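Chains, contacts and geometry: an overview
Listed below are the residues making up each chain.
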Amino acid sequence: MASNTEDGKSFARRDRLLEIESQVQKWWEENEIFRADSLKTPPKPGEKFFGNFPYPYMNGYLHLGHAFSLSKLEFASAYHRLRGVNVLLPFAFHCTGMPIKASADKLSREIKTFGDPPVFPSSLDDQINEPDTEMVEEVAKTAGKFKGKKSKAAAKASSGKFQWEIMRSYGLSDAEISQFQDPHHWLMYFPPLAMEDLKAFGLGCDWRRSFITTEVNPFYDSYVRWQMRKLKKMGKIVKDLRSTIYSPLDGQPCADHDRASGEGVQPQEFTLIKMEVIPPFPPKLRALEGRRKVFLAAATSRPETMYGQTNAWVLPDGKYGAFEINDTDVFILTERAALNLSYQKLSRVPEKPSCLAELTGHDLIGLPLKSPLAFNEIIYTLPMFSLLLDKGSGIVTSVPSDSPDDFMAFHDLKTKPVLRAKFGIKEEWVLPFEIIPIIDDPEFGDKSAEKICKDYGIQSQKEKDKLAEAKELIYRGGFYEGTMLVGEFAGMRVKEAKNLIKSKLVELGQAVIYSEPAMKVISRSGDECVVALTDQWYITYGEPEWKQQAKDCLANMNLYSNEARHSFEDTLNWLEQWACSRSYGLGTRLPWDEDFLIESLSDSTLYMAYYTVSHLLQKGNLYGSDTSSVKPEQMKDEVWDYVFCGSPFPESSDICSCLLTKMKQEFEYWYPFDVRTSGKDLIRNHLTFCVYNHTAILDKRYWPRGFRSNGHLLLNSEKMSKSTGNFKTLREAIQEFSAEATRFCLADAGDGMDDANFAFETVNAAILRLTKELSWMQEVIEGEGSFRKGPCSTFADHVFANEMNIAVQMTEKNYSEFMFREALKTGFYDLQAARDEYRFSCGKGGMNRDLLRRFMDVQTRIITPICPHFAEYVWREVLRNEGFVVKAGWPEADTPDLTLKLANKYLQDSIVSFRKLLQKQVSGSKKADRGAENGPNLGLIYVSEQYDGWKAECLKILQSKFNTETREFAPDNEILEALQQSDVWQGGNFKEIQKLCMPFVKFKKDEAIAVGVHALDLKLPFGEIEVLEENLELIKRQLGLEEIEILSAADSDAVEKAGQYSSVLNQNQPSPGNPTAIFLFE
């Protein structure tokens, strides 16, 4: 534990909380408070709660981001446990995948290169400028075969910080770090530390059920193998050749969780048009003339427009190459595109582009081309300045009839001789070519690009934003509404002709299909990923019948927000086959093809069911090394089928029948799980996979009931980042702030799917609040004899009791809806404010002892889910109660009296108003100017308890024109017409009465829309005079007056008491809910 003083600051309050947490955790552990066991009798609705959380990856310490998502589950579980529900919250540790193996290998390479302990160079640039070929080759060989040198960009991505330095940041000594060259050492080191941190956090977990993944744990390994075999037997795992995001350095597909950046990015498909270069070839290509066919390979997503080609575009200063595709064809394109092609079986040397000549865009300008489908027999290569080399092939075919970019660039070259001269462009390359209509767009005609550029006032190819907007508009309209005017498919809708034209081009050998990542993707090994055609195992997500099952499951789940539901629906619409195997990393091997490992997002889709039996198999051992009850090899498929799928009892099994029966009982008692909490980023993969796998393997009655997704956690309103130092592990947060203050701040951080904020100001304030509250409760218990006894007898007593009832009711609602920030507000902030108001309102009469006892009981119980250590300590050590508060039951409460709440609000608002009137009157008083020492000593408060006259008539009309369900009024003209026909208008001046009534009508309309129909009542639901008279002492004390009289504004004798201040009364006339006051000197 940290000392009480650091840097001159006192941390005694923080340290007091840490002491309490340590003591309370011992109580819980000794009494196995969070142990969860099934019952033989199936649970009725609401009798059990099983929640879980995506197991975190074990390549380092848990951080506050983990804690934030986990806190949603922890608070919900604690709430249900408090209510007396049988709660299961298990927790496991994910070790599958490549990050641990990649980090261990990186550490080995650093030791090999720089020594043990390593002596690193003073500048990382030394390493970046000269990539270590041996290191790159070594990791590539581990993946299967040599993949070529690592690029400079990749070197920067992976070498930004040495792995040894990262391990040092964990507080490890140099001697300890060397051990992490063995990837299995990570599995032994970090999971127990994570468990320590979570226990210190106060997680209400049944730790008997914890486990790690990978084949290191033979029981979990057996379970995952059974799951995969079952999916394959059902035809939901197939081997196929298809495009996937791929890491050349790792030599395997790069799934979302294998990426350092680019999570969620999918392959994007183009058609590469083979534009044949017509001899004579330029000097740099002359060696190929007569020996190879050379093509400019132009990437397009609109093959249907190829009829209208007028030229090809290149970037003048762009770098290109002539790459061998096969024994006959050479493609001119960028090196990046060539690398992608080489992984798509379009390179003479597979996975290694062979460049025959290096070129620039200048070398290509003026090349004559023969392009497929083009009506122009010969077209030429021309310069375009906005062309991007990191998208497509770096070569673009120009169709100015339907592309705004092409139209403006071509128009510039046609109309600007100076521009042509700058690049040596001959007139015959440009001027003879005209726009060729190929598609009829209902909105923009058959020359849509020209039309939209004129409509948008676009004058130059440099107007990028306008061109992008125009392009999106006509591309979308042309595709869905356009009709082909030319070619074999003339008369056909574009959306129908597009794929037919693409297929024809490919069949005739005039184009090839090319794919690349839709955006840049960097693997955890640091290289830029490509799209590869890989022959491997896929899970057939997206298969129609299976997708419909997933949709049916989702429709019946509680997702807690429309935003989450829309995200799941979108994912189901696009998600298709998922590569489930890898050759590099840690994990479970594919049971029918053991050269491959099951990737990390595919072994984590059904493990929530494994929690129900893990403690019976692993006997509380994380690694499954305790085989005293059953041996892993005894867990045959028929055993798993019996436990989870309702199959017949496995007569051939030699496992004790009582154990098998118990396992089945555990699963059927706890399943389905009630909620899974997670960051929103997992919707597009893990959580959707979870739905798919549950619907495929388990009976419908065991399908998931709920997912609760949340946003990311900011730290002091900025993104958490190790590189910027704005980062904090869970361990650091507990040491610096305590677990209770950390939990308090996590609850306060936010509830929805927007990003939440962990603010140091809030967490430090929590330390002060909790310790001050503890001290206050101790003082109350010690001084109980000095408090008033007996039932509620004063207005303040009744209000305080009512506020506690409201807090109990509202906080229960907020907890049940996973609105923990709101629960903290209603169950702590508002309750504390009510206590403080009660303490002040009681005055000389003092507070009621029984009410204070009830307050401490209610406050302790309803803060328990968020601050359980604090609550447990108060429960046992301060209030001297038996048992444990975490299972004490939700506090009972009477139905809240909303009228009493309104009456108290009226009282408090009135006092604030009186104080302002007093200050205003005193500051303008002549007596005050003459030096009256004590100011006014008499207050006259005037009350008008009911609207009458024209105001009453207006309110009756508004009541008749108000929809209480929608909180909307009829149109103003309808209200005005009703007013004209009422007694208010009869015989009066229309304009004068309108001037008088309409401001009041508008005010009451706005109030009713804001607070409801009761704003239109002619009087309040309580007696104003009665409330004020009952609280005269409080009002006197608040205003510093000796005497106060409560008077009716309808009483002429009472009005006369105002004397010379009657003008003040006229200026501030009272109305229901708005008393006024004047102050006199006597």
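We now turn to the structure provided with this report.

**Some points on the sheet that holds strand β5 (residues 237-247)**
The antiparallel open sheet is built from four strands, whose spatial order is β6-β5-β21-β22. The open sheet terminates on both sides in strands that have one partner only, identified here as β6 (252-253) and β22 (578-579). Where strand β21 (residues 530-539) meets β22, two bridges bridge the pair, whose relative direction is antiparallel. Its bridge partner lying in β22, Ile-539 is registered against Trp-578.

**Considerations on empty space enclosed by the protein**
Across all of its chains, the model carries five cavities of 30 Å³ or more by this definition. Counted as a void, the largest cavity has a volume near 70 Å³. The wall of the largest cavity is formed by 14 residues, among which Ala-796, Val-799, Glu-837, Ser-841 and Asn-904 lie closest to the centre. Of all the secondary-structure elements, those providing two or more residues to the lining of the largest cavity are α27 (795-816), α28 (820-842) and α31 (898-923). By residue number, the principal contributor to the lining of the largest cavity is α27, which donates five residues. When the residues that make up the lining of the largest cavity are grouped by side-chain class, the tally is eight nonpolar, four polar and two charged. Of the voids in this model, the second largest cavity is the one considered here, and its volume is about 50 Å³.

**Examining unusual backbone geometry**
Omega for the bond connecting Asp-116 with Pro-117 falls within 30 degrees of zero, at 0°, which places this linkage in the cis form. Tracing the chain through its elements places Pro-117 in the loop between α3 (99-114) and α4 (124-129). In this model, Tyr-671 is joined to Pro-672 through a cis peptide bond whose omega is 5°. Within the fold, Pro-672 resides in the loop between α22 (657-670) and β25 (675-679). One non-glycine residue, Thr-214, lies in positive phi territory at about 85°.

**Structural notes on the environment of Glu-450**
With respect to the element layout, Glu-450 can be found in helix α15 (residues 448-455). Separated by 47 residues in the primary sequence, Glu-450 and Ser-403 place their C-alpha atoms 8.5 Å from one another. Leave out the neighbours within four places in its chain, and Glu-450 touches Phe-407 and Ile-435.

**Thoughts on the sheet that holds strand β34 (residues 1076-1080)**
Across the sheet, three strands lie side by side as β33-β30-β34; this open sheet has mixed pairing. Looking at which strands have only one partner, the edges of the open sheet turn out to be β33 (1043-1048) and β34. Between one strand axis and the next, the sheet turns through 20° on average, direction left out of account. Summarising the sheet, strand β30 (residues 938-943) and β34 pair through five bridges and their orientation is antiparallel. Pairing of Leu-938 across the sheet is with Leu-1080, part of β34. Across the face of the sheet, α31 comes into contact with β30 and β34 while running at roughly 45° to β34. Contacts from helix α37 (residues 1032-1039) reach β30, β33 and β34, with the element oriented near 120° to β33.

**So, the nonpolar core**
A general tendency of soluble globular proteins is for nonpolar side chains to be buried together. Grouped together as the largest cluster of nonpolar side chains are 120 residues, with contacts concentrated most on Phe-91, Phe-93, Met-167 and Phe-758. Of all the elements, helix α2 (residues 64-82) adds the most residues to this core, at nine residues. Ignoring any residue separated from it by four or fewer positions in sequence, one finds Phe-758 in contact with Leu-64, Leu-713, Leu-714, Leu-715, Asn-716, Phe-737, Thr-742, Cys-745, Leu-746, Ala-749 and Val-763. Judged by nonpolar contacts, the second largest core, of 72 residues, contains Trp-670, Ile-683, Phe-689 and Tyr-692.

**Quick word on the environment of Asp-221**
Structurally, Asp-221 is set in helix α10 (residues 218-233). Counting along the chain gives 140 residues from Asp-221 to Gly-361, while the straight-line C-alpha distance between them is 55 Å. Setting aside residues up to four positions removed in sequence, Asp-221 forms contacts with Thr-214, Glu-215, Thr-588 and Arg-589.

Parameters at a glance
- Residues numbered from 1 in each chain as written.
- Predicted model: local features only at pLDDT ≥ 70, side-chain atom pairs only at ≥ 80, totals over all residues.
- Heavy atoms only, no water.
- Pairing = 2+ DSSP bridges.
- Helix = DSSP H or I, 4+ residues; strand = E, 2+ residues; numbered from the N terminus.
- 1 Å grid on protein atoms, 1.4 Å probe; cavity = no way out; pocket = protein on both sides within 12 Å on 5 of 7 lines; lining within 4 Å.
- Points joined across faces, edges and corners; volume = space filled by probe spheres on them.
- Nonpolar A, V, L, I, M, F, W, Y, C, P; charged D, E, K, R; others polar.
- Contact = heavy atoms within 4.5 Å.
- Axes fitted to C-alpha atoms, helices over the stretch in contact; angles between N-to-C directions.
- Core = buried A, V, L, I, M, F, W, Y, C linked by side-chain atoms within 4.5 Å.
- Buried < 20%, exposed > 50% of the residue type's maximum accessible area, 1.4 Å probe, protein only.

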